[in-house]
Structure formats: structure tokens, C-alpha cells
Amino acid sequence: MKTNLVYPLLIVIASSSYGVLSTIVKVAMQHGFTSAEAVSSQYIIGFILVLTIFLITQRQLPKPSKSGLAILVCAGLLTGTTGIVYGESLRYLPASLAVVMLFQFTWIGLLLDCALHKRLPSRPEVISLIILFAGTILAAGVLNVDLSGIPIKGWLFGFAAAFSFACFIQFNSRPVEGITTTARVLIVSFVALILISIVLNPEIIWNGKLFVQGLWKYGLALGLLGIILPIYLFSIAIPKIGGALASILSAIELPVAVTVSVIVLHEPLTAIQIFGIILVIVGMMLPTILTQRRQKDTFLEPINNKNA
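These figures come from a predicted structure and were not determined experimentally. (Residues numbered from 1 in each chain as written. Predicted model: local features only at pLDDT ≥ 70, side-chain atom pairs only at ≥ 80, totals over all residues. Heavy atoms only, no water.)

**Student:** Quick one: what's the story with the packing of aromatic side chains, residue by residue and with numbers?
**Tutor:** Applying the stated rule across the entire model yields 8 aromatic pairs. Ring geometry for Tyr92 against Phe157: centres 6.1 Å apart, planes inclined by 10 degrees, an arrangement best described as stacked. Linking Tyr92 in helix α3 (residues 66–92) with Phe157 in helix α7 (residues 152–172), this pair joins segments that are 65 residues apart in sequence. Here Phe157 falls in the partly exposed class, since its relative accessible area comes to 26%. One aromatic cluster is present, formed by Tyr18, Phe105, Phe165, Phe168 and Phe234 through successive ring pairs. In this structure, Arg174 packs its charged tip against the face of Phe171, placed 5.4 Å from the ring centre. (Phe/Tyr/Trp six-rings, centres within 6.5 Å; stacked < 30°, edge-to-face > 60°. Helix = DSSP H or I, 4+ residues; strand = E, 2+ residues; numbered from the N terminus. Buried < 20%, exposed > 50% of the residue type's maximum accessible area, 1.4 Å probe, protein only. Lys NZ or Arg CZ within 6 Å of the ring centre and 35° of its normal.)

Right, here's the structure in full:
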């Protein structure tokens with residue numbers, strides 16, 4: 001595999017793990033836990049796992065620069081904020097519409113990247129976003145959703161989740177010198193845990209729900225797939241490929257979320273949704289394919305001129 005394809009693949013894997021989270025939360029709710037308790041268990045268990053890995057592999061406290069620490073604190077706050085506001089959006093929006101609102105992070109992330117780097121979106125990026133937007137609407141089944149009567153709070157929380165996640169990707173695209181990936185994930189997860197504990201349900205630790213009533217099983221799955229795997233892979237890959245492409249590739253989360261919900265929760269899947277999933281996959285692959293083709297043409301141009 002070419003090295004320049006490894007980092008996009010890591011983004012796809014990380015985003016795919018995010019796609020499983022909603023189904024795990026729904027299963028936890030079927031077993032008597034609330035969504036807030038499930039999300040809290042994700043960050044508690046996730047931090048415990050990261051701390052364990054850190055103590056085994058390093059044991060020395062990280063010492064990032066002030067600017068580097070500020071980046072990591074912001075990334076942690078945005079990680080926690082995304083989980084909080086997305087959970088709130090689900091209180092007011094149908095699940096399918098909440099997913100569509102969250103996926104506005106694709107164009108928001110691209111615009112943020114363009115603004116930060118003072119550039120205009122490339123033609124492949126624009127085409128990709130158009131395809132992604134159409135595919136997202138079809139795959140989430142929004143065409144069958146009644147939008148009347150939805151309070152403004154739902155729209156605001158949904159958009160806030162998208163903006164927060166787009167900002168998280170941008171902060172994660174910035175390298176931090178003098179700190180390992182494990183130390184980076186430790187700081188990000190610790191800051192997110194503090195925010196989650198303030199806003200949601202830290203009492204699950206001492207009221208017995210987490211370790212006595214079995215919530216830890218869902219927290220373990222959520223921590224691995226929502227903290228360990230994605231933040232590790234994002235921390236490695238996003239600085240290499242940039243926030244714009246990372247935002248587009250992260251769209252794989254939707255097809256994974258729909259597919260897992262069909263398999264585990266036996267939710268219905270229509271032909272229109274399948275077509276939407278295909279569009280999302282095409283849209284997220286398009287920039288990488290065109291970039292590869294452009295690099296190949298650039299490499300072959302001197303050879304062709306020489307042969308001519």
C-alpha cells in the first residue's frame with residue numbers, strides 16, 4: 001500500500017468506529033440506562049483505558065509547550081462538547097435528522113480549513129461535498145421525516161454538534177511538538193472527561209450503575225470505539241492530510257451507522273437509503289482518487305516529455 005494512502009485509511013477507520021457508537025448507546029438504553037449515562041460511561045472508561053496505556057508505556061508526565069497545551073485543551077473541550085450537544089439534539093430531532101445535522105461538519109470543516117489557510121475550495125472538494133450532502137439526505141431517510149413541529153432548539157443543537165466536531169478536526173490537524181500520541185490522547189480525554197462530568201452524570205461511578213449494574217460493558221465498547229481508536233488515529237493522520245480532506249473522509253461514519261443499526265437493531269433499510277450510502281462512499285473517495293491521479297500525471301509528465 002502506498003504511504004500516502006495510509007493516512008486517509010486511518011481517518012476512514014477512525015470515523016467508522018464513531019459510526020458504531022449510536023447503536024451501542026441504543027442497546028444500552030434498551031437495557032435500562034439513559035443516553036447521558038451511556039455517554040458518561042464512554043468518557044470515564046475511555047480515560048481509564050488511556051491512563052492505563054500511558055502508565056504502562058511511558059509513566060512520565062507529558063510536557064507540551066503552552067501553545068501545544070492550548071491546542072490539546074481545546075481539542076478535549078470540543079470532544080466533550082460534541083457528545084453533549086449531539087445528545088441534546090436527539091431530544092428534539094428524529095434520529096435520522098439529527099444525523100443529517102451532525103454531518104454538516106463536512107462543509108463546515110472545509111470552510112474552516114479554507115479560512116485558516118486563506119484559500120478557496122478546490123473543484124474536487126466542492127463536487128465531493130455536493131455528492132456527500134445528497135447522499136446523506138438519502139441514506140438517513142430524511143425524505144420520510146415530518147419536519148413540522150420541530151422546535152428551534154433541535155436545529156440549534158444539531159448545528160452546534162456539527163460545528164463542534166468540525167472544530168475538533170481542525171484542532172487535531174495541528175501537530176504538537178515534544179509529545180507522544182498516547183500523551184496527546186491522555187490530555188484530550190482528560191479534558192473531555194472533566195467537561196462531561198460537569199454537565200452529565202458522574203454519579204454513575206458511586207451509585208453503582210457503572211460497575212455494579214453492568215454499565216461498564218457498554219462504557220468499555222464506547223470507550224474503545226469512541227475515545228481510544230478514533231482519537232489515536234485522528235491524532236496520527238489528520239496532521240498528515242489536513243482538516244479539509246479529513247472532514248470529507250469522516251463522512252464514512254454515516255454509512256457505518258446505518259449499516260450497524262440495520263444489523264444489530266434490525267432497523268428497516270430502503271433502496272433509497274442504499275443508494276444514498278453509495279453516494280456518500282463515492283463522495284468521500286473522490287478527492288483522494290483525483291489527488292492520486294493528479295500526482296501520477298505530475299510524475300509521468302517529465303517521462304512523457306522525454307520520450308517525445
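**Student:** Would you mind going over the pattern of salt bridges in detail, with residue names and values included?
**Tutor:** Summed over the entire model, instances satisfying the criterion amount to 3 salt bridges. Salt-bridge contacts for Arg119 lead to Asp113; the nearest nitrogen and oxygen are separated by 2.9 Å. Several salt bridges converge on common partners, so that one network encompasses Asp113, Arg119 and Glu125. (Salt bridge = Lys/Arg side-chain N within 4 Å of Asp/Glu carboxyl O.)

**Student:** Could you give an account of the packing of α3 against helix α8 (residues 181–199), naming the residues involved and the relevant values?
**Tutor:** The N-to-C vectors of α3 and α8 enclose an angle of 45 degrees; their axes lie 7 Å apart at closest approach. Viewed along their axes, α3 and α8 adopt a mutual orientation that is oblique. Crossing angle aside, the handedness with which α3 passes α8 is right-handed. Residues Leu69, Leu72, Val73, Ala75, Gly76, Leu77, Thr79, Gly80, Thr81 and Ile84 of α3 touch α8, and the partners they reach there are Arg184, Ile187, Val188, Val191, Ala192, Leu195, Ile196 and Val199. Split into classes, the residues belonging to the contact of α3 with α8 amount to 13 nonpolar, 4 polar and 1 charged. (Axes fitted to C-alpha atoms, helices over the stretch in contact; angles between N-to-C directions. Parallel < 35°, antiparallel > 145°, perpendicular 65-115°, else oblique. Left-handed = near helix turned anticlockwise from the far one by under 90°. Contact = heavy atoms within 4.5 Å. Nonpolar A, V, L, I, M, F, W, Y, C, P; charged D, E, K, R; others polar.)

**Student:** For the environment of Ile130, give the residues involved together with the corresponding values.
**Tutor:** In this fold, Ile130 is placed in helix α6 (residues 123–139). Spatially, the C-alpha atoms of Ile130 and Ala244 are 15 Å apart, while their sequence positions differ by 114 residues.

**Student:** Could you give me a rundown of the environment of Tyr92, with the residues and numbers involved?
**Tutor:** Here Tyr92 falls in the partly exposed class, since its relative accessible area comes to 24%. For Tyr92 and Lys153, which are 61 residues apart along the polypeptide, the C-alpha to C-alpha distance reads 7.1 Å. With residues up to four places along the chain from it excluded, the contact list for Tyr92 reads Ile150, Pro151, Lys153, Gly154 and Phe157.

**Student:** Tell me about the side chain of Glu37, and please be specific about residues and values.
**Tutor:** Among the secondary structure elements, Glu37 is positioned in helix α2 (residues 35–57). A distance of 2.6 Å separates the side chain of Glu37 from the side chain of Lys209, its partner in a polar contact. Residues contacting Glu37, with those up to four places away along its chain left out, are Asn201, Ile204, Lys209 and Leu215. (Polar contact = N/O pair within 3.5 Å; in protein donor to acceptor, adjacent residues only side chain to side chain.)

**Student:** Could you give an account of the nonpolar core, naming the residues involved and the relevant values?
**Tutor:** Generally speaking, nonpolar side chains in soluble globular proteins are found buried as a group. Phe168 and Phe234 are the most contacted members of the largest nonpolar core, which has 92 residues in total. A total of 11 residues in this core trace back to one element, the largest contributor, which is helix α9 (residues 215–241). If we ignore the near neighbours within four places in the chain, the residues touching Phe234 are Ile11, Ala14, Ser15, Tyr18, Phe165, Phe168, Asn172, Pro239 and Ser250. (Core = buried A, V, L, I, M, F, W, Y, C linked by side-chain atoms within 4.5 Å.)

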